[in-house]
Amino acid sequence: QVQLVESGGGLVQAGGSLRLACAASGISHISATTMAWYRQAPGKSRELVASITGIGGVNYSDSVKGRFTISRDNARNIVYLQMNSLQPEDTAVYYCKRGSAYWGQGTQVTVSS
């Protein structure tokens, strides 16, 4: 089955950086469909952070534009989310998603002020 495993989360001070990784395995390759990063903060609904289509088109939420970058390594079947200039409002569990059906287990990102 398709499996998505996130890593790279942790505790960072405001202004710092983290790089999340989503390692995909299974039948489908990550380039076959859109991959995305979502996040869910305490008391809030899950929101789309960034996405990358099968042909490389990218999209970002307004709150992270200019700070976050989504990319993928097709050879290694990994999707990344580079997060710079992190702020406390970025604190959330970050989830990797493939297409409309598959989710990773999430990785916690905590930004201290």
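Look up a bit, the structure's there.
Residues numbered from 1 in each chain as written. Predicted model: local features only at pLDDT ≥ 70, side-chain atom pairs only at ≥ 80, totals over all residues. Heavy atoms only, no water.

Undergrad: What is the right way to read the overall build of the protein chain from this model?
TA: For the protein chain, the helix and strand inventory stands at zero helices and eleven strands. The C-alpha atoms of the protein chain give 13 Å as radius of gyration, which agrees with the globular expectation for 113 residues (13 Å, within 12%). Its C-alpha atoms give the protein chain principal-axis dimensions of roughly 40 × 25 × 25 Å. By the burial criterion, 42% of the 113 residues in the protein chain qualify as buried. When contacts within the protein chain are restricted to residue pairs at least 6 apart in sequence, long-range pairs at least 24 apart make up 53% of them. Of the charged side chains in the protein chain, 10 are positive and 6 negative; the average position of the first set lies 5 Å away from that of the second. (Helix = DSSP H or I, 4+ residues; strand = E, 2+ residues; numbered from the N terminus. Rg over C-alpha atoms; globule rule 2.2 N^0.38 Å. Buried < 20%, exposed > 50% of the residue type's maximum accessible area, 1.4 Å probe, protein only. Contact = heavy atoms within 4.5 Å. Lys, Arg positive; Asp, Glu negative; His and termini not counted. Charge placed at Lys NZ, Arg CZ, Asp CG, Glu CD.)

Undergrad: Before we go on, may I ask you to explain the nonpolar core in this structure?
TA: Most often, soluble globular proteins keep nonpolar side chains buried together rather than apart. Residues W37, L81, M83 and Y94 are the most contacted members of the largest nonpolar core, which totals 27 residues. At the level of elements, β3 (18-25), β4 (35-40), β5 (47-52), β7 (68-73), β8 (78-83), β9 (92-98) and β11 (107-112) are the ones that each hand at least two residues to this core. Counting residues per element, this core draws most heavily on β3, at four residues. Leave out the neighbours within four places in its chain, and Y94 touches E6, L20, W37, Y38, R39, V49, F68, L81, M83, G106, T107 and V109. (Core = buried A, V, L, I, M, F, W, Y, C linked by side-chain atoms within 4.5 Å.)

Undergrad: In this structure, what is going on with the sheet that holds β7? I would like to understand it.
TA: Adjacent strands of a sheet pair through backbone hydrogen bonds, lying either parallel or antiparallel. Reading across the sheet, the four strands line up as β1-β3-β8-β7 and stay open at both edges, with antiparallel pairing between neighbours. Whereas interior strands pair on both sides, the edge strands pair on one side only; in this sheet they are β1 (3-7) and β7. Taken over all neighbouring pairs, the strand axes of this sheet differ in orientation by 15 degrees on average, direction set aside. As judged from the six bridges shared by β7 and β8, these two strands associate in the antiparallel manner. Directly across from F68, in β8, lies its bridge partner M83. (Pairing = 2+ DSSP bridges. Axes fitted to C-alpha atoms, helices over the stretch in contact; angles between N-to-C directions.)

Undergrad: Before we go on, may I ask you to explain the side chain of R39 in this structure?
TA: The topology assignment puts R39 in strand β4. At a separation of 3.3 Å, a polar atom in the side chain of R39 contacts the side chain of S63. Reaching out from R39, the side chain makes a polar contact with the side chain of D90 at a distance of 2.9 Å. With near-sequence residues (within four places) excluded, R39 lies in contact with S45, R46, E47, V49, S63, V64, F68, E89, D90, A92, V93 and Y94. (Polar contact = N/O pair within 3.5 Å; in protein donor to acceptor, adjacent residues only side chain to side chain.)

Undergrad: What is the right way to look at unusual backbone geometry in this model?
TA: If a residue is not glycine, its phi is most likely negative; likewise, a peptide bond is most likely trans. One non-glycine residue, N77, lies in positive phi territory at about 60 degrees. Of note, N77 is situated in the loop between β7 and β8. For S85, which is not glycine, the phi dihedral falls at a positive 50 degrees. With respect to the helices, strands and loops of the structure, S85 is situated in the loop between β8 and β9. Assessed through its relative accessible area of 37%, S85 is described here as partly exposed.

Undergrad: In this structure, what is going on with the environment of R19? I would like to understand it.
TA: Secondary-structure assignment places R19 in strand β3. Separated by 38 residues in sequence, R19 and G57 place their C-alpha atoms 20 Å apart. Leave out the neighbours within four places in its chain, and R19 touches S7, G8, S71, Y80, L81 and Q82.

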